[in-house]
Every structure is written in C-alpha cells, then in structure tokens.
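# Remarks on the overall topology
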Amino acid sequence: MRYLPKSDAERRQMLDEIGARSLDDLFAHLPEPVRLNRALDIAPGRSEYEIVDYFNKLGAQCGNYPSFLGAGVYRHYRPVLCDVVVSRGEFLTSYTPYQAEIAQGSLTTIFEFQTMVCQLTGMDVANASMYDGSTAVPEAALMAMRVTGRERIVVARAVHPEYRAVLDTNARNREMSVVEFAYDASTGLSDLAALEAAMDNQTAAVIMQSPNFFGGVESVKAAAEIAHKHGALLVLVFTEAVSLGLLKPPCEADIVCGELQSFAISPSYGGPFAGVIATKEKFLRQMPGRLAGQTKDSNGNRAFCLTLSTREQHIRREKATSNICTNQALIALMATVFMTVYGKKGLRELATQNLSKAHYLGGQLARKFSAPYFNELVATPRRAAGLVNDELLGQGIVGGLDLGRFYPELSGSLLLCATEMSQRADMDKVAEAINRA
Amino acid sequence: MINKTRQHINQNEGLIFEVSSPGKKGYQLPDLDVPEIDPAAALGVAAVRSEIEDFPEVSEVETIRHFTRLSTQNYGIDLGLFPLGSCTMKYNPRINETVARTPGLAWAHPYQPESLSQGCLEVVAVLERMLLEITGMDAVTLQPAAGAHGEWTGIMLVRALHESRGNGRKKILVPDSAHGTNPATAAMCGYTVENLPSNEYGMLDLSALERQANEDVAAMMVTNPNTVGVFEADIQKAAAILHAKGALVYMDGANMNAMVGITRPGDFGIDVMHLNLHKTFSTPHGGGGPGAGPVAVKKQLEPFLPVPRLRRVGELWTLDQHRPASIGKVRAFIGNFGVLVRALSYILAHGGPGLRNATLDAILNANYIRKALEPYFELPFKSPSMHECVFGDDRQAAKGVKTGDIAKRLIDYGFHPYTTSFPMIVHGALMIEPTETEPKQELDLFIDAMISIAKEVEEDPKFVLAAPHNTRTSRVDETTAARKPILRWRPGQ
C-alpha cells in the first residue's frame, strides 16, 4: 500500500524491539467476540490512475452546465491563487494552531480573515468560522439567548428555508421557541408590521436575511429599531457575500452571520463552505467559535495566538458557548485569499457586475416582487416552471429553483440568479423560455 | 543532539493591510457584456456603501508572496511527524485534493436536477456502503460537518428514540476521560451531564456504571479505544448494563484509526457513533477544518436520521426529504460533500486489505514509541496500547518541567508537539499518536529527540523551560492576548 512507508524488514525490526511475534500479536488482547475474523468486504486498493478515472466518470454525469441557480450557493469565478495558497502543504496539512510558535502562518491569516469580515460587515469582532451559514444561524440565536436571558426567536420567512429548518432542529432539542413572520406578497421583503406583531418582551432575537431568499434588499435599520424597542437583538444573515461589496454594512444589527461560499468556494454539491459570526465588542464573550488575537512573543515581536478559549468546549466542557471544535479553517483561508485578490475596488466592481447581469436578466422578465434586488430575482413563467427548466436543460442550461419546493404559495415561480459568470446569450435563452406562452 | 533541523532564513511578513496602498490591484474582470447598472439607481442611495473601509489593495505578486511567506511559518504533516494524540494527523494523499476538484463534482449545485446529480449521489451511496462495512452499523448519514456536529446529531437521535417510546430521559453519562466536545454536546441537546469516573486502569469502571445506570440515563458517550489509547475490554458488558436499563451507547469515533479492519463498533454493542473523516480517512485537517462527521446507527435509530436520505428508485438515486420521524435538518444541503469525495478516494486507494494494514501499522508505530520511551517517561496505565500511547510528566515535573514545556522543546527538534495535558485523568499527559504513515526513520528521530529532552530536563531544566529556542517566534504571551484582546487590525495599530 503506497501510503504505508515501511518495508517488511523494518516492521520485523520494530516488532523485535517491542517483543511481539507478529502484527496480529499487537491486538491479541482484544476479547475474541469483538474481533472481526474476516476480511472487510471492500475491494483491494486501486491505482492513482484508476481513482482519477473513476471520479472523472462520475463528474462527467453531472454536466457542469451554465446555471441560474443561486438560493444560497453561488457560481462565482475562483481566482487561481486561492487554490495555489490552500494547496501549500504547510496550510493544508497543519492542525488547529494551538502551538502558536509553529503556527504563525495559520494564526496570521485567521487574524486577517477576522479583520476583513469585520470590515465587510461593519462589526467589531468576527470568529474564525462556523461550519456554514445554516449552522451559524442557530449559533447566533443561542448567543442572543445568552445575552438577553430569553428563549424566544422570531425569524423572517424570507430567511433561507434550509437555514430555518436547521434552526427548528435546534429548537426541538432545547429550551428555544421559534416563531416565523411573513414577507410582503407584493414587495417580497419581510413584512415589518408582521414583525412588530410577532414581538413580545420574551423575544431574544429577530433573525432576518439580506439580500433575502428572494434576492430583495431588506431594511436592516427598520428591523433593528423594532428588535431593540422590545429588548431583542437583531441577527442579520447573509448568504451572498459578494453583495457586501456594494451594500451598506449592516451596522445596526447586533450579530451578523452568514455564508462565505461566494468567496472562491466551489459549490461542491453543498459543501464544504464557511460560515461566520461577527458581532459588537460588548457581546464578544458570548460568541462561539475560535478567535485569533494579537500579542507578543518573549522577544517582544508581534505574534498571534488563539485566545478567549475559556468560551470553548476543550476548557469549559458542558458550560461552553458551543460544542464546535473542528471548523472550516482552510475554506476561510480560501476566502481570505479571495478577498485579498479582489480587494477594496475589485469586490465593488465584482458586485456591480453581478448587479448588472441580474438586472439585465430581470429587465426582460415580469418580476414577481417589486423590491430592489442584488443578483437574484423571482419570476413566474407563463408555462409550468418544470417545463421551462426541462426545456432549458435540453439546451444545456440549468434554469431556476421552483420556489414551490419551499413556499407552496409560490409554486410555479422561479428563483433565478445571475453572476459575473452568466453570459448574455444564456440569459437571453432563459428570458425567452420564461416569457414564451 | 538535534538531528532533524538546522536554522535557515525565514522571512518576516507583516499583515496584508500593511502592504496595501490605493490603486494597486491583483484582479481583472472581463468586460461586461450587458449594460452596467448604477448601484445607487438600482438599490437606492441609502442602501449602497461608499467603500469597504480599510480593505486591502495589493498586487498579485504581493499576494502570493504574502501567503507563501506566512505558510513557511507553519508546521504541517508534509514536513514531518505530527504526533497529536486523538487527532490522527496522518498523511493527506494529494490525489484526494485532485479528485475533489473534478469539475462536474466541484461545480455541482445542490439544487440542480437529480438527473444531473447522479455522479454526486453515487459518491454518497458508495461511501455510505463502505462506512457501514467498516463500522458494522446498519445506516449512516454523511451530513454532519465535523465530529462535534456528528455528536450533536447522534445525541438528538438518542432523544428522538426515547421520546418515541414515551420516556423523556434526562442524563448523559460521560467518562472523565472524554473529549470536551462530549459534555458540551450533551448540554447543547438539553441533557444533564453526569461524570463517570474511570477505574485505576484508566478504563470504564463497570461497578460505577452499574450504580449510575438507571431509567433516567438516555445514553453513555464513550470513546473506544479510550483517550489513554486502550481498548475498552469490557465494552460489551458496559453496553449490556446500559441496554438493560433502556439506555443507549454512543461512541465517539475519534480513535477509529485503531480499529478499521480488526474490530467493528456495530459488533460490540454500540448503538450510535460518529466518524471523523478528517482523522481516520485522511481528508486534511487544513489548520482546523473542514472535516466531516458521519453518524452511523443501528436499525432502531434509522427512522430518525436527518433528512434528506438517499434512496434508490429504479435506475436512479434520489434524495428523500419526507421522513416523518426524522430529527429534521442538521445542516443545509447534504453535508461537506467535497470532504466525502476525499474520504472515498482514500478508501479506494487502500481497499479492504490496505485499510487493515494501515490499522496494524498505526498500532505498531504507537507501541514502538511506547517501548522506546518507557524508560524515560512515566507510563501511568500499563494496559496494552492501541494507536496511541499516553505518558505522564511526573518525573520531569519533579524538576519543574511540565508536559507543555517538553512539547515546546520538541519544536526545536523539528517536530510538532504531541497533545499536552489531555486526557485529564492523566497528570500532565503526553498523548502521542504517530499514525501509520510515519517511516521508521522519522519515528527514530522522534524517539531520540524525546530521550534527549528527558536528559536535558535532568541536566538543565531552565533551558527546557525557556524553549523553543530555535523558532522564529519564541514563546507567545497567551495571557496578555486573553486579558487585552486585540482581535482585528485597525489602521495605525
């Protein structure tokens, strides 16, 4: 086996040192009934060539067509440097940087990641990643519960349906209740009157997403005012991080959490992605997840280390803020390189291209909702949505998401996304298929 | 004598913000093929930001130098032995990275039609089947994103089963040798954590378990081999005690690398367990993730597994979203798919016989180190070691040198430290897990280094206390970092 770096002679030598007759001797102490006395029913090992060929064949079944799907997973160009950096063995094959003296590479990039997320979101502090956006949401809710001492969460229906489903799973397994509030059927934005009506003095947090699941840009300020009036925190969720290149940072929110998949992370059938939680300084001690901080080494040089770990499970055990241990460090590094490559001007330009493409597409369609939108929009084809998508697939294009899957009342409407990778000719085909009677 | 390292030039590197200056750039976007839209007109002036304050502006060459220089300040498995106990830092085959980037798989959208996703679903199906064969369990979900996420999923399954039987239970038993994630997980699921003391051999204490197991116990969370690297010989008896009270046994699969191909949790009484694909199955740790924490269960827990579930309908794979008894969704989409691809690549490369050989070599390496270091370090538990061995720092602590200090000195010798101060049942633990992918030469260098440090502790403990001496960064002041947190860069800082 090519990953096992010993000769049989070396194994023999080592067994002699140990005083064992054979390798099987080494586990002869396992009770007989628990031993597996047969070979695993898994075929013998394959060569590198065969493995590459196997996955190429599987990949070939997946088409890799131009796509207008968004809904939390976006098709953005991945700058070459992102893979170049994460392929460095010193990053790829390192561990969580507990030993700061030989992990300054990871620690420095984490510190930069935290800084860039703060700059984008307008928050004071950011953690060094959660599993993804969907799991960051319940973690933010729990954080708000610890801050307020309350157990009720009010969440917008225009938040990603799968994020809400993960929140519900949490709520069913601990002291947390979740109430949803509606979106406005004409604007597609969260209905603030419905939010006001859903509030009470036991509400820990309001959770809202912007751009929301339908692509609409929400009023963070107005939602924050309602939340704060009732002593609750506003948790602002984002799924399309590129939007932060153009949109005003959600400074009025108390916690910002979301998904960085848009930053050079391939869709990869849903993961691995990188979630993040950012917040105001005053809530820092209630924040879950790893943090890198700046300090000095014994020679007085600037250095970084993991810090405030008294919040974490390996110190606090059952009293920890979360059980999270392994997070998404390498993916966060990928996002850090992405943010560096595009930088201040580039991210804005990229966001403007996304806006322009989506508005080119949206401009040809009768949109379902009237709210301003970033790079996603909802349109109702004149024919059955499934028929339109099938027809597009026949032309080698993946169409939109039939919203009936998550919103029965929107059955027959398509959620469409255009990014900088969407080509004008494909958008014209999509518009034509949707508009045709 | 330090054999593995000598000093070499290693460049200073500041923060990316410090090389930033206005007008530099490392990107170029294609020309727009549609009219450019004015953001303020489309979104409203109030919704648009003027700029991303203090965001970096750097060139491409500066970007690559920055991250490359920083990378040289890191230690990784590619540089040598990484003997972190419980972490299974084994070689990460590069083909795993290559196949995870196969275009059809890497660009697959989770909402694309299932007819287009058959290749992805086949990966899931094949990996599920192989993990079931390896664990001896009946069903598995690949969705949890990491070990702790798997624990959370598994304990919710436990709750769901008990509730379906109409008896909500309150407690989870956790041995005092457990990983910190175990009690944290139980608490996250709303359970009370009850500590289960280990016996004098560092193993499950059956008489204590007899006393503590009752109708209020939902499950015991156990690690096997346990965190001192010893196989729980009485695991079947322990499971029987719990099962008799209607409680379940959860196994933390962190140490599965000791068992693949020689014993199976499903055959020794485990009801629910997680695997760490980034440990046992070589997908990289990547400096702290991403991982994947599949949860495997026995039949009685299968109805409660998270949605969606993979199902075969005719010639096609399909995802079943409608399962009335399911605990629901634990994560959006279907999990860290790219990590699953890497794990499958690893299993295909080994094959059944190779996986078993890997386990044997992992046990061989740990025992080789144990035998060589036993004369120099205290071995608190003499039971046979599996894939890792755990020493205590008693002899060195008598000279004022603790496990953490020895670990720092080990860095000078060119090695990443072992796990320090864990498990908590060993005073000043040195927890050493070499894994199977270490050559004999590297093990010998490590053993020489540890013996040399043991001698240094005898002769010049102060020198060891001030280690590391040869790294570019000397010992880091973690106290100040926590007392006055600086968690982001600001201009002029």
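Residues numbered from 1 in each chain as written. Chains lettered and ligands numbered in written order. Predicted model: local features only at pLDDT ≥ 70, side-chain atom pairs only at ≥ 80, totals over all residues. Heavy atoms only, no water.

## A closer look at the overall build of chain A
Test applied: Runs of E in the DSSP output that reach at least two residues are strands. Runs of H or I that reach at least four are helices, and both are numbered from the N terminus. Using a 1.4 Å probe on the protein chains alone, a residue whose accessible area is under 20% of its type maximum counts as buried, one over 50% counts as exposed, and one in between counts as partly exposed. Contacts are residue-level and defined by heavy atoms, with any inter-residue pair within 4.5 Å sufficient. Accessible areas in this description were obtained via Shrake-Rupley with a 1.4 Å probe; residue shielding takes into account the shown protein chains only.
On a plain count of helices and strands, chain A comes out with 13 helices and 12 strands. If you line up chain A on its principal axes, its C-alpha atoms span 80 × 55 × 50 Å. Per-residue burial over chain A gives 66% buried out of 437 residues. Counted over contacts in chain A with a minimum sequence separation of 6, partners at least 24 positions apart contribute 69%. Counting every atom, chain A has about 13700 Å² of accessible surface; 50% of that belongs to carbon and sulfur.

## Focus: the interface of chain A and chain B
Let me state the cut-off plainly: Defined here as a combined quantity, buried area equals the accessible surface (1.4 Å probe) lost by two parts on assembly, summed across both. Here, a salt bridge means any Lys or Arg side-chain nitrogen found within 4 Å of an Asp or Glu carboxyl oxygen.
Counting residues at the interface gives 188 residues for chain A, matched by 198 residues for chain B. Summed over both sides, the interface of chain A with chain B buries roughly 16700 Å², with 64% coming from carbon and sulfur. Looking only at chain A, the three residues that lose the most surface to chain B are Glu101(A), Tyr269(A) and Lys344(A), adding up to 6% of its buried area. Linking chain A with chain B are 11 salt bridges, by the criterion used here.

## With respect to the pattern of salt bridges
Oppositely charged side chains can form a pair if their charged atoms are brought close together. With the rule as written, the count across this model stands at 47 salt bridges over all chains. The partner of Asp200(A) in a salt bridge is Arg152(A), and the shortest N-O contact between them spans 3.3 Å. Placement of Asp200(A) in the loop between α8 (192-198) and β4 (203-209) and of Arg152(A) in strand β2 (residues 152-156) is noted, with a sequence separation of 48 residues between them. One salt bridge connects Lys329(B) with Glu162(A), and the closest N-O pair in it is separated by 3.1 Å. Residue Lys329(B) is found in the loop between β9 (316-320) and α11 (337-373), and its partner Glu162(A) is found in helix α7 (residues 161-172); the two belong to separate chains. The same class applies to Lys329(B) as to Glu162(A), namely buried. Overlapping salt bridges bring together Arg78(A), Asp83(A), Glu97(B), Arg101(B) and Arg342(B) as one network.

## Topic: unusual backbone geometry
Residue and element names in this part refer to chain B. Note the cis peptide between glycine 289 and proline 290, where omega equals 5°. At the junction of phenylalanine 422 and proline 423, the peptide bond is cis and its omega measures out at 5° in the coordinates. Summarising the element assignment, proline 423 is placed in the loop between β11 (419-420) and β12 (429-432). Not every positive phi belongs to a glycine, and aspartate 54 is a case in point at roughly 70°. Along the chain, aspartate 54 falls in the loop between α2 (39-43) and α3 (60-71). Overall, aspartate 54 belongs to the partly exposed group, its relative accessible area being 30%. A positive phi angle, near 60°, is found at serine 421, a position not held by glycine. We classify serine 421 as partly exposed; its relative accessible area is 45%.

## Let's talk about the domain arrangement of chain A
Residues and elements named next belong to chain A. Rules: What fixes the domain bounds is an automatic or database domain assignment.
Domain parsing of chain A yields domain 1 (80-337) and domain 2 (344-435). Inter-centroid distance (C-alpha atoms) of domain 1 to domain 2 is 27 Å. In this complex, domain 1 contributes 26 residues to the contact, which on the side of domain 2 involves 26 residues. Between domain 1 and domain 2, a total of about 2000 Å² is buried, with carbon and sulfur atoms accounting for 66% of that surface.

## Quick notes on the environment of Ala100(A)
Summarising the element assignment, Ala100(A) is placed in the loop between α4 (89-92) and α5 (104-121). Here the alpha-carbon distance between Ala100(A) and Ala437(A), two residues 337 residues apart in the chain, equals 64 Å. Apart from residues no more than four positions distant in its own chain, Ala100(A) is found in contact with Leu107(A), Phe304(A), Cys305(A), Lys408(B) and Val476(B).

## Examining α3(B)
To be explicit about the condition: For a helix, the expected span equals 1.5 Å multiplied by the number of residues minus one. The directions considered for the arc are those from the helix axis to the C-beta atoms.
When the terminal C-alpha atoms of α3(B) are compared, their 17 Å separation across 12 residues agrees well with the 16 Å that a helix rising 1.5 Å per residue should span. Listing the buried residues of α3(B) in full gives Thr63(B), His66(B), Phe67(B), Leu70(B) and Ser71(B). Seen along its axis, α3(B) keeps its buried residues to an arc of 130°; they face one direction. In this fold, the buried residues of α3(B) make contact with α3 (80-86), α4, α5 and α11 (329-362) of chain A together with α1 (16-19) of chain B.

## Description of the environment of Leu430(B)
Residues and elements named next belong to chain B. On the secondary structure map, leucine 430 appears in strand β12. Here leucine 430 falls in the buried class, since its relative accessible area comes to 0%. Residues leucine 430 and aspartate 393 lie 37 residues apart in sequence; the distance between their C-alpha atoms is 7.1 Å. The contacts of leucine 430, once residues within four sequence positions are left out, are Phe377, Cys389, Val390, Phe391, Gly392, Asp393, Thr403, Tyr418, Thr419 and Met450.

## Focus on the domain arrangement of chain B
Domain annotation of chain B identifies domain 1 (16-73), domain 2 (96-348) and domain 3 (357-479). The C-alpha-based centres of domain 1 of chain B and domain 3 of chain B are spaced at 45 Å.

## What about the pairing of strand β4 (residues 217-223) of chain B?
Residue and element names in this part refer to chain B. Quick reminder of the rule: Strands are labelled as partners when DSSP assigns at least two bridges between them. When the strands point away from the viewer, a crossover counts as right-handed if the route from the first strand across the helix to the second turns clockwise.
Counting buried positions over the seven residues of β4 gives seven, a clear majority of the element. As defined by bridge partners, strand β2 (residues 171-175) adjoins β4 across three bridges and the pair is classed as parallel. Residue pairing for β4: isoleucine 172 is matched across the bridge by alanine 219. Pairing between β4 and strand β5 (residues 248-253): five bridges, direction parallel. Within β5, the residue paired with methionine 220 across the bridge is valine 249. With helix α10 (residues 235-244) bridging β4 and the parallel β5, this β-α-β connection has right-handed handedness.

## A closer look at the side chain of Glu57(B)
We count it as follows: Polar contacts, as used here, are pairs of N or O atoms within 3.5 Å; protein pairs need one atom able to donate a hydrogen and one able to accept it. Residues neighboring in sequence count only if both atoms are side-chain atoms.
Mapping Glu57(B) onto the fold places it in the loop between α2 and α3. By relative accessible area, Glu57(B) is classed as buried at 7%. Only 3.4 Å separates the side chain of Glu57(B) from the side chain of Lys345(A), close enough to count as a polar contact. If sequence neighbours within four positions are ignored, Glu57(B) has contacts with Lys344(A), Lys345(A), Val19(B), Ser20(B), Ser21(B), Pro22(B), Gly23(B) and Lys24(B).

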